[in-house]
Amino acid sequence: MCFQLCQEVEPSGKTIIIAAMKIRVLALLLLAASAIPIALAEGLPDLGEAAQADLSPQMERKIGESIMQDIRLHESGYVDDPEIAGYLNRLGKKLVAQSAGTALPEFEFFALRDSTLNAFALPGGFIGVHTGLILAAQSESELASVLSHEVGHVTQHHMARSVSSQGMAQIPAMVAMAVALLAARSNPDVAMGAVVSAQAASVQNQLNYSRDFEREADRLGLQTLERSGYDVRGMAAFFERLQKFGRLYENNAPGYLRTHPLTTERITDIENRIALRPYRQVADSLDFQLVRAKIKADEGAPRDAVIEFQAQVKDRKFFSEPAARYGLAYAYSRAKDYAAVDREVAVLRHLKIASPMVESLAAEARLRQGDAGAAIGLLRAALLSYPEERGLTYALVDTLLENRQLDDALKLTMSDLQAYPGDGRMHGLQSKTYAALGKRLQQHRAQAEAYATQGQLLAAIDQLQLAQKSPDGDFYEYSQIDARLRELKARQAEEAKQKKQQ
Ligand SMILES: [Zn+2]
């Protein structure tokens, strides 16, 4: 919605396929737009009668959740990495806490592996950021400035307000806009071509509105940035660089992007606002440095990543030595050179770098060199210092499983799920643990919960039916399964009924 001018760097075949998938959904929506209630494509629940009602925050959330579910399941660029997601959410939520707005949704920040420079807000508090943009940010204040701007779009309900002002069927229009946004995020030509020919007037008008909204998001974002203690100059500096990138690629930008640029006017506006602010030097967090190094070290072939970070370390060409060392260690780990990981971890310890990301890398190197006991020791110790770091707990369950400490693994999943009952990944790990223990009923029951937390009701029901047929349960367990099955079937029937009503 905001920085699309600056993208379009190298549309890969992969993104075209993704865009095509989105366009299929979009086409479906546009075809049915006159009929108002629309069943979204697979995985997207029906929004039913409510399509005619005003867009409530709850409906925005529902739309956002549907789209997120689709992204998690089908978008190959979705970064399913608890360390990166954890960092983005810590940073994002710090900003949200300082943003203007009441009755805000639970925000979720996520990364998409995509070299183009973009970030976007979906309805209901879901904010996506391309890894290309995280790498292009030269300071944490710069990254925070983009996220703050996106938070502004959410708190001001810009997408909902765009479609409301059109006097059109609001929910289909909003879904169409969100889907167009996703399709356009990496490959504007494909997406906008489809949109313009199918529903030129409405979508084009919505995008025209975004100019005022951009200014509002800039103004609020700046406020949020300042209240959160970041350097407000980061916003002007980053936007200027983004604009320059945009110029470089202008010929590739589709028409609407040329008419809706990240304007000089916007940048001047920001500069005027920050002109009187005192200069504030804000140090980047270690997390910011390490996450960027990890993203970078995860690109390309493992050996190339090793060579790149070796050169950085050797020539001392880096913003941060810990980040360059961590990146090198991570690249070695990708290249399966675990002895070299050990060496780099030793250097990091010598530099007095304390981070759960270093600990999980160290543990993995121990495990892969056949010392699971040491790996478990490292992870347990790290969890004492960083109890909320989800990546450490996942790694500990995995390592216990590999070391055949099945009872310990099970105990850990049980206590963890008491604290995080909605954690689908942990339900999946518990299912894996039960499978290793040969407990089939419980294996299927846990897998059902893993699916249910992702909104995949049919797959969850299927697993519960397998659990019913498993021979190894007791009376109490079978009754629990029956009760849960009835619950999920009722939910599924309700959704099916809504779809039929259209
Ligand atoms: Zn924007």
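Conventions used here
Residues numbered from 1 in each chain as written. Predicted model: local features only at pLDDT ≥ 70, side-chain atom pairs only at ≥ 80, totals over all residues. Helix = DSSP H or I, 4+ residues; strand = E, 2+ residues; numbered from the N terminus. Buried ≥ 20, exposed ≤ 12 C-beta atoms within 10 Å, placed from the backbone. Contact = placed C-beta atoms within 7 Å. Pairing = 2+ DSSP bridges. Axes fitted to C-alpha atoms, helices over the stretch in contact; angles between N-to-C directions. Expected span 1.5 Å × (residues − 1). Arc of directions from axis to C-beta.

(A) Spatial organisation of the overall build of the protein chain. Scanning the protein chain for helices and strands turns up 23 helices and three strands. By the burial criterion, 48% of the 502 residues in the protein chain qualify as buried. Once local pairs closer than 6 in sequence are excluded, the contacts in the protein chain between residues at least 24 apart make up 66%.

(B) Structural detail: the sheet that holds strand E2 (residues 119–122). Spatially, three strands are ordered E1-E3-E2 in an open sheet, and the strand pairing comes out mixed. Bordering the open sheet on either side are strand E1 (108–112) and E2, each of which pairs with just one other strand. This sheet shows a mean twist of 20 degrees between the axes of neighbouring strands, independent of strand direction. Note that E1 and strand E3 (residues 126–130) share five bridges and pair parallel. The residue of E3 that forms the bridge with Leu 112 is His 130. Sheet strands touched by helix H5 (residues 140–155): E1, E2 and E3. Its angle to E2, the strand with the most contacts, is close to 25 degrees.

(C) Molecular detail of the environment of Gly 377. Here Gly 377 is to be found in helix H17 (residues 372–385). Under the C-beta neighbour-count criterion, Gly 377 is labelled partly exposed, with 13 such atoms within 10 Å. Taking the C-alpha atoms as reference, Gly 377 lies 8.3 Å from Ala 363; in sequence the two are 14 residues apart.

(D) Examining H17 more closely. Taking 1.5 Å per residue, 14 residues should reach 20 Å; H17 reaches 20 Å between its end C-alpha atoms and fits that length. Listed as buried for H17 are Ala 375, Ile 376, Leu 378, Leu 379 and Ala 382. Along the long axis of H17, the arc covered by the buried residues comes to 160 degrees, so they all point the same way. Facing away from the buried side of H17 by more than 90 degrees, the exposed set consists of Ala 381 and Leu 384. In the core, the buried residues of H17 are packed alongside helix H16 (356–368) and helix H18 (390–402).

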